[in-house]
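# Report on the structure
Listed below are the residues making up each chain.
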Amino acid sequence: MADLNYHYGLKMRLFPSSEQKRVIDNNINASRFAYNEMVAIDKELYSLHQIKIPIAIVQDRIAYLQRRKNNTQMLFAIHPWLAGTGVGTDVVDQARRAYQSAWRLFRQVHRSGVPVFHRKRDDGSYQLPTRYTKNGVGLAGGSNRFIDKKHVALSGLGKIRVSGSQKRLFDHADAIRVGTITIRRDATGRYFLSMQLGSDTPFVQATKPAQSAVGIDLNTDNFLTDSAGNVVTNPRYYRSIKGRLAKAQRKLARRQLRAKKEHRSLGDAKNYQKQRVLVANLQRNVANRRNAFLHLVSTTLIKNHDLVVAEELRSKNMLRNHALAMSIADVGWRTFLSMLAYKAGLYGRSFVTVNPRNTTQTCSACGFVMTGDQKLTLADRKWTCPHCGAFHIRDHNAAKNILAKGLAVK
């Protein structure tokens, strides 16, 4: 997959049968169990390595744990129930790779934290590799493949109906390879399939180049303002249902407390489960509406401009401001910038991020920087440059400065 020129991610809704749901749930549990086994082994190894005296029984235990950590067959031998539930070795292998990837991410980023135990949740996922035979090619040739435009065949599951945007890929199906797939169950009990696709031909047909550049200023008052003066309003999806969600969550908490007082497990408490699904549906609806909005805006920007310039944002740092945290989380800036980045590559456009330093405080007409007592505050939405007398709308002026920085970098 890595040697292919173009890569694409495809997410589809799965409609498994009752038996297929049982197999998926077993694989999700097995994947979590294998991951937690890796965490437990490394924790024990760390403790044993603290013993500096060369005791034979300790050295033997370390050697045994090292063999067990790197051998999938040993995990199945120690826990024979895994094979009894129809779990394949590929599921365990992918869980081990995910654990190793988590450690690599920790060593590279450090802020991500060390791998920890995964608790059992209402949602979950597992991964499977796609294998091709000598004669297998394209979307219909691997171990995880398309049977037709509405059905897929998955390893360990068989034929399943799917729904999504996969139909347009069949125009050049033989040129596309399927990589790792992820099968996911969400908190409301719906199932999804995500595929990593690779090809030497573009997934999106090249459109007529748009000879224009645009700078965008992201803010919480309006979602964005571009350098041409266009404003996209902030839909505030979370705020629109915040009251309903809070009421539903309080009801959920009461039902949880009642079940605990009656010494019933939450899995058997039907009223609790009904309310949990209701809360999850509210949260899912907000996420779906926000993603649809972000996709629409990002695609429009990328299709209509050959260069899009945005400011670098560190959302994690901005979320520490308790006064703005909810608004920043609701707007989805980080997701939006990620969409712009991958869609720019998909459509053959350019996307650049620049340092936002002084983009708000600088006059786009003469370059004068407001400092000291003249420095603008968040309440100053309109201002006049004291040096050249130019009148500015705060966000429009910032977008112009962002575009200028981007053109200088480009």
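Residues numbered from 1 in each chain as written. Predicted model: local features only at pLDDT ≥ 70, side-chain atom pairs only at ≥ 80, totals over all residues. Heavy atoms only, no water.

## Comments concerning the packing of aromatic side chains
Worth spelling out the cut-off: Ring pairs shown here join Phe, Tyr and Trp side chains whose ring centres sit within 6.5 Å, with only the six-membered ring taken for Trp; geometry is labelled stacked below 30 degrees between planes, edge-to-face above 60, and tilted in between. Each helix is a run of H or I in the DSSP string that is no shorter than four residues. Each strand is a run of E no shorter than two, and both are numbered from the N terminus. Exposed residues in this analysis have more than 50% of their type's maximum accessible area, buried residues have under 20%, and partly exposed residues fall in between, with area computed by a 1.4 Å probe over protein chains only.
All told, the structure shown has eight aromatic pairs when counted by the stated rule. With a centroid separation of 5.5 Å and 85° between ring planes, the pair formed by Tyr35 and Tyr99 is classed as edge-to-face. Taken together, the residues Tyr35 in helix H1 (residues 18–49) and Tyr99 in helix H5 (residues 89–109) connect sequence positions 64 residues apart. On the basis of relative accessibility, which here comes to 3%, the residue Tyr99 falls in the buried class. On the basis of an interplanar angle of 70° and a centroid distance of 6.2 Å, the ring pair of Tyr237 and Phe293 is categorised as edge-to-face. Taken together, the residues span a long stretch of sequence, with Tyr237 in helix H6 (residues 237–261) and Phe293 in helix H7 (residues 270–304) at a distance of 56 residues. For the pair Tyr237 and Phe293, a shared accessibility class is recorded, and that class is buried.

## Things to note about the pairing of strand S4 (residues 151–154)
For the record, the criterion: We call two strands paired when DSSP finds no fewer than two bridges between them.
Taken together, the three bridges between strand S3 (residues 145–148) and S4 define a ladder with antiparallel strand orientation. Paired with Phe146 across the bridge in S4 is Val152. Between S3 and S4, which pair antiparallel and follow one another directly, the connecting turn spans two residues. Of the strand pairs in this sheet, S4 and strand S5 (residues 158–163) are connected by four bridges, and their pairing is antiparallel.

## Structural notes on the packing of H1 against H5
Definition in use: Only C-alpha atoms enter the line fits that serve as axes; for helices the fit covers just the stretch in contact. Angles between N-to-C directions range over 0 to 180 degrees. Note that the term roughly parallel is reserved for angles under 35 degrees, roughly antiparallel for angles over 145, roughly perpendicular for angles of 65 to 115, and oblique for everything else. Helix crossings fall into two classes, left-handed where the near helix is turned counterclockwise from the far one by less than a right angle and right-handed where it is turned clockwise. Contact between two residues is taken to exist if any of their heavy atoms lie within 4.5 Å; hydrogens are not considered. Classes in brief: Ala, Val, Leu, Ile, Met, Phe, Trp, Tyr, Cys and Pro nonpolar; Asp, Glu, Lys and Arg charged; the others, Gly included, polar.
For the pair H1 and H5, the least separation of the axes is 8 Å and the interaxial angle reads 45°. Put simply, H1 runs oblique to H5. Crossing of H1 over H5 shows right-handed handedness. Residues Asn27, Ser31, Ala34, Tyr35, Met38, Val39 and Asp42 of H1 touch H5, and the partners they reach there are Val91, Val92, Ala95, Arg96, Ala98, Tyr99, Ala102 and Trp103. Residues belonging to the contact of H1 with H5 are distributed by class as follows: eleven nonpolar, two polar and two charged.

## Describing the sheet that holds strand S9 (residues 222–226)
Taken together, the five strands give an open sheet; going across it, the order is S10-S9-S8-S11-S12, and neighbouring strands pair in mixed fashion. Each of the sheet's edge strands pairs with one partner strand only, and the pair in question is strand S10 (231–233) and strand S12 (350–354). Ignoring strand direction, the axes of neighbouring strands in this sheet form an average angle of 20°. The strands that H7 touches are strand S8 (213–218), S9, S10 and strand S11 (307–311); relative to S9, the one it contacts most, it runs at about 0°.

In short, the description is geometric, and any link to function would need to be established separately.
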